[in-house]
Structures are given as structure tokens and as C-alpha cells.
Amino acid sequence: SAGAVCRHYPGPRAGSQCPPDAPVPPQPGTAAEPSRRAPQAQKLLVMQEATMTLAQQTCRPCRGDTPAVSAADRTDLLREIPDWSLHREDSVDRLRRSYAFASYQQALDFTCKVAAMAEREDHHPRLVLEWGRVTVDWWTHTLGGLHINDFILAARCDELYDDGVR
């Protein structure tokens, strides 16, 4: 409330007066969910990420009550990853792309890089490895559909491919 002693900020601001609409910053060492941020902090995040590529953005925590990406947002996001397509399987929308390689070893190396990235983000795709090809499907199991993280990690797959193949 207005005039309450601020406990949100460490250091010199500790004990100061909080403005009534002050956003609560994330605590050190914790992941801040954009959906739980104050509106001002939410707007700042959107403005910052508007200048970033998908691959530069940070994956967000996702729970079962997190909304899936809207159809309009999907269209906009797919423009940033034009080699990916929407694929529906078992009544679930997924992102899909197949990558071509000159050898099985190159395909295997790429698969391992995607798997390592997925493990770091704790978000795991379906990977189908074949001679000269890897097919990647991204979707969010807890939503039964697509989340912004799927688009972010699809863009990062493209970067891994561009860095290692072309």
C-alpha cells in the first residue's frame, strides 16, 4: 500500500517508501513469471523483447493454466521462423521442421546439440533422426498446444543449424 516500507528492494532503497503502483522485482536467483509481474513491468518486458529476435528471448515458466499462443500471434511468430510449419497430431498443434544434412554423423551431431539445448531449458521436443535428416517437433505438453517457448526454441534450432551446417 502507499507509504508502506519497501521490502522489495535490497541495498539503498531498503526501508524506503514504495509508490502505490511499484512493480515488485524478482528476487535474486528466482525466475520471474511475466504473468505475475505488475502491469508496468509487463509492458517493459514486452517492449524489450519487441527489439529482440525470437532466438534471443528468454523462455518463460509454463504451468497448466498458462494460455496457449493465440492464432493471431502464431501467424506473427511463424513469420520469424519461415521454415517451420504448423502440424496437428493427436488433436495437438505442433511446430515442425525437417533439417537436411550431408551425412548421418552431421544429423547426429545436430540432434545432440538440440537435445542439450532442450535439457538446459527443461523443454523437450520430439527428435526424429534419419540418415541425412532430423525432424524436430515442438509443443508444450502441459498446454496440449503451443507456447511462446516453442517458437523461441524453434528459432534457436535454426541458429544451431545455420552455425553448424551452412
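Anything mentioned here points back to the structure above.
Residues numbered from 1 in each chain as written. Predicted model: local features only at pLDDT ≥ 70, side-chain atom pairs only at ≥ 80, totals over all residues. Heavy atoms only, no water.

### Quick word on the packing of helix α3 (residues 104-121) against helix α4 (residues 148-164)
For step 1, the next point in the chain: Across the interface, α3 lies against α4 with an axial gap of 10 Å and an inter-helix angle of 145°. For the pair α3 and α4, the crossing hand works out as right-handed. Of the residues in α4, those touching α3 at F110, K113, V114, M117 and E121 are L153, R156, C157, L160 and Y161.
For step 2, the next point in the chain: Partitioned by chemical class, the residues of the contact of α3 with α4 number seven nonpolar, no polar and three charged. (Axes fitted to C-alpha atoms, helices over the stretch in contact; angles between N-to-C directions. Helix = DSSP H or I, 4+ residues; strand = E, 2+ residues; numbered from the N terminus. Left-handed = near helix turned anticlockwise from the far one by under 90°. Contact = heavy atoms within 4.5 Å. Nonpolar A, V, L, I, M, F, W, Y, C, P; charged D, E, K, R; others polar.)

### Thoughts on helix α2 (residues 71-80)
For step 1, the next point in the chain: Every buried residue of α2 is listed here: R74, L77 and L78. Burial along α2 is one-sided: seen end-on, the buried residues are contained in an arc of 105°. In this structure, α2 carries A72 and R79 as exposed residues pointing more than 90 degrees from its buried face.
For step 2, the next point in the chain: Those residues of α2 that are buried are in contact with β1 (85-89), β2 (92-100) and α4. (Buried < 20%, exposed > 50% of the residue type's maximum accessible area, 1.4 Å probe, protein only. Arc of directions from axis to C-beta.)

### Quick word on α3
For step 1, the next point in the chain: With 18 residues, α3 extends 26 Å between its outermost C-alpha atoms, agreeing within 8% with the 26 Å of an ideal straight helix rising 1.5 Å per residue.
For step 2, the next point in the chain: Looking at α3, one finds that the buried residues are A107, F110, T111, V114, M117 and A118. On an axial view of α3, the arc spanned by its buried residues comes to 125°, and they lie on one face. Exposed residues on α3 whose side chains face more than 90 degrees from its buried face are E119 and R120.
For step 3, the next point in the chain: Buried residues along α3 sit in contact with β2, β3 (126-130), β4 (133-138) and α4.
For step 4, the next point in the chain: Trailing α3 by a residue or two, D122 shows a phi angle of about 55°, which is positive. (Expected span 1.5 Å × (residues − 1).)

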